[in-house]
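# Structural overview for review
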Amino acid sequence: MSDALLKVEGLKKHFATRQGGMFGKHATVKAVDGVSFEVAPQESFAVVGESGCGKTTLGKLVLALERPTEGRVLFEGRDMARVPRGELRRLRRDIQVIFQDPYSSLNPRMTVEQILTEPWIIHGMHKDPAARAKVLAKLLDDCGIAKTYLSRHPHEFSGGQRQRVGIARALALDPKLVVADEPVSALDVSIQAQILNLLKDLQRERKLAYLFISHDFSVVRHLCTRIAVMYLGRVVETADSETLFKDPQHPYTEALLSAVPVPDPSIEKRRKRILLTGDVPSPLDPPSGCRFHPRCRYLKDACRADDPSLAEARPGHQAACPVLPFKDRRSDAALVAL
Amino acid sequence: MEPVLSVRGLRTHFVTSERTVKAVDGISYDLLPGKTLAIVGESGSGKSVHALSILGLLPTPPAKIVAGEILFRGEDLLKASPRRMREIRGNRIAMIFQEPMTSLNPVLRVGEQIAEAIILHQKKSKDEAWAKSVELLRKVGIPHPEERVRDYPHQFSGGMRQRAMIAIALSCEPDVLIADEPTTALDVTIQAQILELMKDLQRELKMGLILITHNIGVVAEMADDVVVMYAGRPVERAAVSELFHDPRHPYTRGLLASVPSIYERKERLEAVPGQPPDLSELLGGCPFAPRCADAVDRCRAEDPPQFHLAGGRMSNCWLSEDGAEERSHRFAAGEAR
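Residues numbered from 1 in each chain as written. Chains lettered and ligands numbered in written order. Predicted model: local features only at pLDDT ≥ 70, side-chain atom pairs only at ≥ 80, totals over all residues. Heavy atoms only, no water.

Once that is clear, we can look at the sheet that holds strand β4 (residues 70–75) of chain A. Residue and element names in this part refer to chain A. What the four strands build is an open sheet, ordered β2-β1-β4-β5; its pairing is antiparallel. In the strand order of this sheet, the two ends are held by β2 (25–39) and β5 (78–79), each with one partner. As paired strands, strand β1 (residues 6–19) and β2 are joined by twelve bridges and run antiparallel to one another. The residue bridging Thr17 from the neighbouring strand is Ala27, located in β2. Packing of helix α1 (residues 55–62) onto the sheet brings it into contact with β1, β2 and β4, and relative to β1 it is tilted by some 120°. (Pairing = 2+ DSSP bridges. Helix = DSSP H or I, 4+ residues; strand = E, 2+ residues; numbered from the N terminus. Contact = heavy atoms within 4.5 Å. Axes fitted to C-alpha atoms, helices over the stretch in contact; angles between N-to-C directions.)

Here it is in structure tokens:
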């Protein structure tokens, strides 16, 4: 895929810290530890994982808010860490972000109008007042925001309305890629559905690509066509959405999918759940070999020593598991996927 | 089987000089031993206030329980003395909260916090209580409990803290456990562990469980019966399979349709338009009417009563009146069943 919009290559981000407080010994948190993937124009690509897996850091790296320790982020072929400052600012017009918490990501002292027009002032766009009013009206309309809201401040709105403002701000510059970091997880379900529908409509109308960062498989399935599953700083499996849900290859994906409660009691009754034991290990001291091996139910000796890299399970479907392909697992995986 | 807890027409309002917020407005249900009752609703629907009302944990004023009965094994807790409530709270009726970090004391060892509940409610010495703390931590699945009992809460992960909270709640083998969003702050794999643990312990102790949640998937997995709340009201009550397969209240239908599932990819989710009302500005009529696609003139004008339908179901909707195959007596909300 040479026409990728976003290409992430061997990306690493390590943070220096101290173990056990201020006087502890030096240690390194490998938040992102060798991640590669590509996002095509107008594609919705999801990065899914539990807390601490590095998905948010990955988003920051893509936005060039963090500098990578190693590896590259290429946007339309240009290395985000190497472009001159002026050009980075230009690039940022094309990469925008929607944050999780609409309460803390909007400036409380600005009106909605100020919030939405500030990006244009910064980038010197739509200077003509008449033209600006027109673009603004379209933006409000697309995002389902009433015109009367323009003079109001964020605190006057509910979470769902605030998130609409957050989305409108991200779209003001007509970006090509939107990084959405858990954009609906702070919202109630009925509001969440409104926002998910909105994101879907906007993608179609404005030809956006999404890098959707989430812990919620149900939401991701609804919105995204391709998924990468992260565990302790690594991508352990990547596939198109339908395949991943029907036939997960990595034991972690399998367990994760089986743990998601399904809103249907008759399915819940006959479903088989794979319970992982213990917690996610600390990224300060990740396990040797395969990082998932201490919690894996298919553990083999090789797993403790070999650090697996992504291997093709079928075209377009990769998983990093040393015991792949694993025939005995099929029956269980089928039960999970139903 | 006798219900262990019966709530009858409970109304909890917050009264200030400017306004009255009807946070809980007429909830009724029976909880049987060993069964799980889920209370579902979005934020501000009154789920948590209802739970705090049961335990008498709301500050009065501004909170005021204006009507209803809370019968624990036949005894009305709203009439119980503060002393009697202290005997029951944390002992016969225990509660776990959403935020395991803020509900544990950061400067006390985990073991001391478990032992505290035991010493308070059972005639046990400090040493016995400590030994029992270790036992409880083992029971809730904490590895190396004899060492971890000396840890402080910050040394525990989120899942372990919630396990420790469960250990405290279960230290006196309560008859009723109220779990307020117990897994909302946890990752899905940890959530699965905690739900499994709660099911096992419930089976063992024959506990009645009131599970307060906004997660429809968790309801499907755990509940026997469900109460759906909207704007402080119970809008529908039914057995779990009936609720999911034949929802009667338009809000329940909207709620179920708006949830994405990993089992099917819908082209569009059927979102409920609009947003929940401000509880201090409720006008006449059904509070859901402004968002309801099925609303008729009557819905906007008259407050619907709770209709009792076949199979012990309840629906707080005018449209259930005609649709009910067996319409039982109409009754004023708040009366006993």
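As a further point, take the environment of B:Pro59. Residues and elements named next belong to chain B. For Pro59, the location among the structural elements is in the loop between α1 (47–55) and β4 (63–72). By relative accessible area, which is 49% here, Pro59 ends up partly exposed. Sequence separation between Pro59 and Phe14 is 45 residues; the distance between their C-alpha atoms is 9.7 Å. (Buried < 20%, exposed > 50% of the residue type's maximum accessible area, 1.4 Å probe, protein only.)

Residue and element names in this part refer to chain A. By the definition in use, this model includes ten aromatic pairs over all chains. Taking 5.7 Å as the distance between ring centres and 80° as the angle between the ring planes, the aromatic pair formed by Phe217 and Phe245 counts as edge-to-face. Residue Phe217 is located in helix α7 (residues 217–223), and its partner Phe245 is located in helix α8 (residues 241–246); the two are separated by 28 residues in the primary sequence. Neither Phe217 nor Phe245 differs from the other in exposure class; each is buried. (Phe/Tyr/Trp six-rings, centres within 6.5 Å; stacked < 30°, edge-to-face > 60°.)

In this assembly, 41 residues from chain B lie in contact with 48 residues from chain A. Our enumeration of links across chain B and chain A arrives at two salt bridges. Of the charged contacts in the structure, one is a salt bridge between A:Asp201 and B:Arg268, with a shortest N-O distance of 2.7 Å. Counting every contact that joins chain B to chain A gives 15 residue pairs in polar contact (both at pLDDT 80 or more). Listing elements by their share of the side of chain B that touches chain A, those giving two or more residues are α7 (188–205), α8 (216–222) and α9 (240–245) of chain B. In terms of residue count, the dominant contributor to the side of chain B that touches chain A is α7(B) (seven residues). Tallied by class, the residues present in the side of chain B that touches chain A amount to 18 nonpolar, 13 polar and ten charged. (Salt bridge = Lys/Arg side-chain N within 4 Å of Asp/Glu carboxyl O. Polar contact = N/O pair within 3.5 Å; in protein donor to acceptor, adjacent residues only side chain to side chain. Nonpolar A, V, L, I, M, F, W, Y, C, P; charged D, E, K, R; others polar.)

Turning next to the sheet that holds strand β11 (residues 311–314) of chain A. All names here are of chain A. What the eight strands build is an open sheet, ordered β6-β7-β8-β3-β9-β10-β12-β11; its pairing is mixed. Every other strand in the sheet has two partners, leaving β6 (95–98) and β11 as the edge strands with one partner each. Between one strand and the next, the sheet's axes are offset by a mean angle of 25°, whatever the strand orientation. Strand direction decides the pairing type here: strand β3 (residues 44–48) and strand β8 (residues 209–214), joined by five bridges, are parallel. In the strand pairing of β8, Val48 is matched with Ser214. Strands in contact with helix α2 (residues 85–94) are β6 and β7 (177–181); relative to β6, the strand with the most contacts, it is inclined by about 55°. The strands touched by helix α5 (residues 159–171) are β6 and β7; relative to β6, the strand with the most contacts, the crossing angle is about 175°.

Counting residues in each nonpolar core, the largest one holds 71 residues, and the members touching the most others are A:Ile167, A:Phe212 and A:Phe217. With seven residues, the single largest contributor to this core is helix α6 (residues 189–206) of chain A. Filtering out sequence-adjacent residues up to four positions away, A:Ile167 remains in contact with A:Ile98, A:Cys143, A:Ile195, A:Leu198, A:Leu199 and A:Leu202. With 39 residues, the next largest nonpolar core counts B:Ile118, B:Phe156, B:Met165 and B:Leu177 among its residues. (Core = buried A, V, L, I, M, F, W, Y, C linked by side-chain atoms within 4.5 Å.)

Residue and element names in this part refer to chain A. Here helix α4 (residues 129–143) contains 15 residues, and its C-alpha end-to-end distance of 21 Å stays within 8% of the 21 Å for a straight helix at 1.5 Å per residue. Buried-residue contacts for α4 involve α3 (112–123), α5 and α6. Gly144 sits one or two residues past α4 and shows a positive phi near 70°. (Expected span 1.5 Å × (residues − 1).)

Shape descriptors only; they carry no functional weight alone.
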